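Architecture and fold: a report
Listed here are the chains, written in short residue letters.
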Amino acid sequence: MSNCNGGLYLLVLLFSGVRSKKLFSRAPSHLTNQVFLMLYGSFEAYIADLVLDGLTHQDTKDPYQEALYLMVLAKWRGKIDRIGQKLNVGLGKRRFVAKFRDMELEFLGEQFKDPLEFLERAGGLRHLLVHSSGRVDEAFASQYPKANMRAGDTISLPTDLPIALHLFLVHLSDLFDEIFAAKFGWDRTTIGPETLAGY
């Protein structure tokens, strides 16, 4: 290898190292964002499954289409109202607020008493991460001033947000499970982590 080629090779290695360092410096943020998306998506899928099971139990003509209709094109309060009406299950606001009255609900520096509003905010964040290339828009920046994000910034979630969201969704999933099990006579069985595959 000539000195010229060796110098070029060294320059390419150096540039790759700088580029890799910059790329991997954002890895924790990317991971946090992906964990957030997975948690939120899993919860949405869980609710869709409950709705589908409930519709199937009621002998709905096309339960898949009906479940899809109930789950899309509405904010969470609208979804929950439509699901409650269609399946005749008690999904009133008081029930949700009572379940979370002793839990601190904070989302990017903003406090909430209404768990459905907290869920709606999580849905808005998911929308930006998926449909806006993970970039902050003006509305988001003004809605969460304590998050210190400006319009156009790449969304970089605090590492504790997925933990808080997970705790919230566990309690919310339990409430939905309790309500649907009571309505449709489904068994509720607690499964300990030690009984899962791989343990």
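Before any of the text, the structure's been laid out above.
Take the packing of aromatic side chains next. Summed over all chains, the structure comprises 13 aromatic pairs. With centroids separated by 6.3 Å and ring planes inclined at 25°, the aromatic side chains of Phe-180 and Trp-186 adopt a geometry described as stacked. Among the residues examined, Phe-180 registers a relative accessible area of 1% and is labelled buried. Against the face of Tyr-69 rests Arg-82, its NZ or CZ located 4.8 Å from the ring centre.

What follows concerns helix α3 (residues 63–71). All buried positions along α3 are accounted for by Pro-63, Ala-67, Leu-70 and Met-71. Seen end-on, α3 carries its buried residues on one side only, within an arc spanning 95°. Downstream of α3 by one or two residues, Leu-73 has phi in the positive range, about 60°.

The rules we used
Residues numbered from 1 in each chain as written. Predicted model: local features only at pLDDT ≥ 70, side-chain atom pairs only at ≥ 80, totals over all residues. Heavy atoms only, no water. Phe/Tyr/Trp six-rings, centres within 6.5 Å; stacked < 30°, edge-to-face > 60°. Buried < 20%, exposed > 50% of the residue type's maximum accessible area, 1.4 Å probe, protein only. Lys NZ or Arg CZ within 6 Å of the ring centre and 35° of its normal. Helix = DSSP H or I, 4+ residues; strand = E, 2+ residues; numbered from the N terminus. Arc of directions from axis to C-beta.

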